[in-house]
Amino acid sequence: MIKGLGIDLGTTYSCVAYIDENGKPVVLKNSEGKATTPSVVYFETKDKVIVGEIAKQSLVSEPDNTVAFIKRDMGKIDEDTKQPIMRTIQGIQMSPQEISAKILTKIVKDANAELRMIGKLSDSDPDVKDVVITCPAYFGMAEREATKVAGKIAGLNVVNIIPEPTAAALNYAYVSQVKQKTFMVYDLGGGTFDVTIIEMNNGIPRVICTDGSHTLGGKDWDEMLVQYFAEKYLEEKGEDVRENLDILQELFLKAEQTKITLSSRETAPVMIIGDAGRLNFTMTRTEFDEKTKELLERSLSYIDNCLKIAAAKKYKKEDETITNEEVNKYLSENISDILLVGGSSKMPQVSKLISERYGIEPKEADLDEAVAKGAAICASTEFTGFSEEDWQLVKESVGEHEFDVVKEAIQTGNENVIKQFEDVLPRHMVQKQESRGMIFTNVSPRTYGTSAYDSSASDKLVIFNFIKRNDELPKKLTQSFYTREEGQSGVDIDLYESFSMSAKTELEDGTKIGSGVLDFPHGMPKGTCIEVTINMNSAGLLEVSAFHKETNSVYNGTFDVSNSLSPEETKQAIERNKQQSFS
Ligand code: ADP
Ligand code: MG
């Protein structure tokens, strides 16, 4: 029986895998016979959606109806409207969640067709809809939530969202039967880069720390080449092809092709056709490496920082006080392997420079597929202990109406919700999270805190941070705050996310991600103390509570992502998705 699919929903390419009957992770080909599908969506009409290679071609011919790099907008809010960044295509206003859902729908549809073709599903079997989707390690709550919603719009049951490097590490450890090791995962994709240090403990990955950039990826290497090509053409032919959008788009495709050729060959022929005629020349790998060296160096600076944080954790020191010797000591005594992940890691310059700099020959196996395979491993272990009958029991005890919420809470370990239903749920399903399939020890992707006045006398709101980026999870912290007005009947609890590493952050450096109110039964004297607690569990789920002892007033919020879609918007998107045809 196939328990679930693992999905690498990439910025530029996506991939689906499952675990076969021998327990081996296997990638499922799409309907074009390829292991990966470009994450590009083309709306041919409002009901006809094309995803993948053909859509990529339409980027040039029909840019208004084609979307690429949608992952960069996931969970982001428009500064002006304070709403998800919407775009109107073929007359429909769509969120990034909805557009991502198109990619998911197409690749899951193809994966199921492939499973039927290779005889793993029979005609009478329903499609596999349970999935684990991966996301970058730096994705915050809003982005993770948006990814989940995308799955929901695509009609999928998203069992878990796990970080991409964790998935890659899981795959490596699983396939090579490693149980106890620490490694670094270097993931250079199409538009993003991240580096993560992961410790495997009894086959369970534990993220030690992670760093990276959302604006560094293969696309930047392409851009470097585009500029070079354009300047060369300008020099030789006197025309700036960058002014012609059609030629420029073509130039981008050509640049990517040249880059890919140079990964396997020393030279690549280039031909540029502009209004001033044709220009032919040869590009060598050496030239390419020289022109892009600065980009590669940038990725290494994130490695250095990540090593520094890991060393600080290991030697129990502050990040700033770690010396180069300690970093080197950490590297040589702890990191046993460097795994390369992501299409751009295929550029020979990557492993060359890494091995020169860190003295470890990086491993390049499964570059394009490791993340999806790791997600599949997670999907296959996710439900251990819970059968269909178990879920049926849950449905009977909590009722149809609450079932989805409770199921999700059990799967993600949302203790707040589970607690509410503790009395009616089957006992074995409310046990501690550790017994529920595979659980990852993780670190916080961002810094979280609540806003409050800087001091009782000041009029300035700042963010008081509770959980910091790269803090080990689960983490729980309580801080006391005091009311500022006489007779106050409640307190606003506003939750903020940021990249800050200090105890306090300016309000404008954070993003508000949720809010709630603690109501008092009656007006309270000025200076009433309330205790605010923020708790993040190992699955990265955030719980916030505020408490006033004397009146026993409590506010409990399980995380509500304020920039998510409304239930109505989600419903409409689900309906539209059902109406559309996908190829
Ligand atoms: P993402 O995870 O961001 O979706 P991928 O890991 O699939 O991205 O990587 C996509 C990037 O890898 C693109 O920029 C693509 O041009 C680049 N790429 C793919 N194959 C090669 C190759 N052989 N050599 C160099 N770059 C490559
Ligand atoms: Mg990727």
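Keep in mind that what you see is a predicted model, and the values were worked out from it rather than measured.

Chemist: Just checking my understanding: could you explain the nonpolar core for this structure?
Modeler: Across soluble globular proteins, nonpolar side chains have a tendency to be buried as a group. One finds Y186, I197, F229, L307 and I335 to be the most contacted residues of the largest nonpolar core, which totals 53 residues. Of the residues forming this core, the biggest block, 11 residues, is contributed by helix α7 (residues 285-314). Dropping the residues within four chain positions of it, F229 is found in contact with L251, K254, A255, T258, V270, I272, F281 and M283. With 44 residues, the next largest nonpolar core counts L9, Y18, I92 and F139 among its residues.

Chemist: Please clarify how the site of ligand 1 should be interpreted in this entry.
Modeler: What surrounds ligand 1 is a group of 17 residues, the closest being T12, G190, E256, K259 and S263. Contact distances for ligand 1 include 2.8 Å between an oxygen atom and a backbone N or O atom of G190. Residue K259 places a side-chain N or O atom 2.7 Å away from an oxygen atom belonging to ligand 1. Protein chains shield 89% of the accessible area of ligand 1, which is 580 Å² for the free molecule.

Chemist: Help me understand the confidence of the model for the protein chain, please; the structure alone is not making it clear to me.
Modeler: Low pLDDT means the predicted atomic positions in that stretch should not be read closely. On average, residues of the protein chain carry a pLDDT of 89, and 94% of them reach 70 or more. For the stretch residues 432-438, pLDDT sits under 50, and the model shows 23 contacts to residues farther than four places along the chain or on other chains.

Chemist: Where do I start with unusual backbone geometry in this structure?
Modeler: Leaving glycine out, the prevailing phi sign among residues is negative, and the prevailing peptide bond configuration is trans. Note that the residue after L473, namely P474, is joined by a cis bond; omega there is 0°. Inspection of the secondary structure assignment puts P474 in the loop between β19 (461-467) and β20 (475-482). A positive phi angle, near 55°, is found at F69, a position not held by glycine. Following the sequence through the fold, F69 ends up in the loop between β7 (66-67) and β8 (87-89). Classification of F69 as partly exposed rests on a relative accessible area of 24%. Of note in this structure, K316 is not a glycine but carries a positive phi near 50°. In this structure, K316 sits in the loop between α7 and α8 (324-334). On the accessibility criterion, K316 (72% relative accessible area) is exposed.

Chemist: Sorry if this is basic, but what is going on with the sheet that holds strand β14 (residues 204-213) here?
Modeler: Each strand in a sheet pairs with its neighbour through backbone hydrogen bonds, running either in the same direction (parallel) or in the opposite one (antiparallel). An order of β14-β13-β12-β17 is seen for the four strands of this open sheet, with the pairing classed as mixed. At either margin of the open sheet sits one strand with a lone partner, and together these are β14 and β17 (335-341). Sheet twist, expressed as the mean angle between neighbouring strand axes with direction ignored, is 20°.

Chemist: Before we go on, may I ask you to explain the pattern of salt bridges in this structure?
Modeler: Oppositely charged side chains can form a pair if their charged atoms are brought close together. Taken as a whole and judged by the stated rule, the model has 37 salt bridges. In this structure, K102 engages E98 in a salt bridge whose closest nitrogen and oxygen atoms are separated by 4.0 Å. In this pair, K102 and E98 are both assigned in helix α2 (residues 96-117), four residues apart and thus about one turn of the helix distant. For the residue pair K102 and E98, the accessibility class agrees, reading buried in each case.

Scoring rules and cut-offs
- Residues numbered from 1 in each chain as written.
- Chains lettered and ligands numbered in written order.
- Predicted model: local features only at pLDDT ≥ 70, side-chain atom pairs only at ≥ 80, totals over all residues.
- Heavy atoms only, no water.
- Core = buried A, V, L, I, M, F, W, Y, C linked by side-chain atoms within 4.5 Å.
- Buried < 20%, exposed > 50% of the residue type's maximum accessible area, 1.4 Å probe, protein only.
- Helix = DSSP H or I, 4+ residues; strand = E, 2+ residues; numbered from the N terminus.
- Contact = heavy atoms within 4.5 Å.
- Near = heavy atom within 4 Å.
- Polar contact = N/O pair within 3.5 Å; in protein donor to acceptor, adjacent residues only side chain to side chain.
- Areas by Shrake-Rupley, 256 points an atom, 1.4 Å probe, with all protein chains shown as cover.
- pLDDT = per-residue confidence, 0-100.
- Pairing = 2+ DSSP bridges.
- Axes fitted to C-alpha atoms, helices over the stretch in contact; angles between N-to-C directions.
- Salt bridge = Lys/Arg side-chain N within 4 Å of Asp/Glu carboxyl O.

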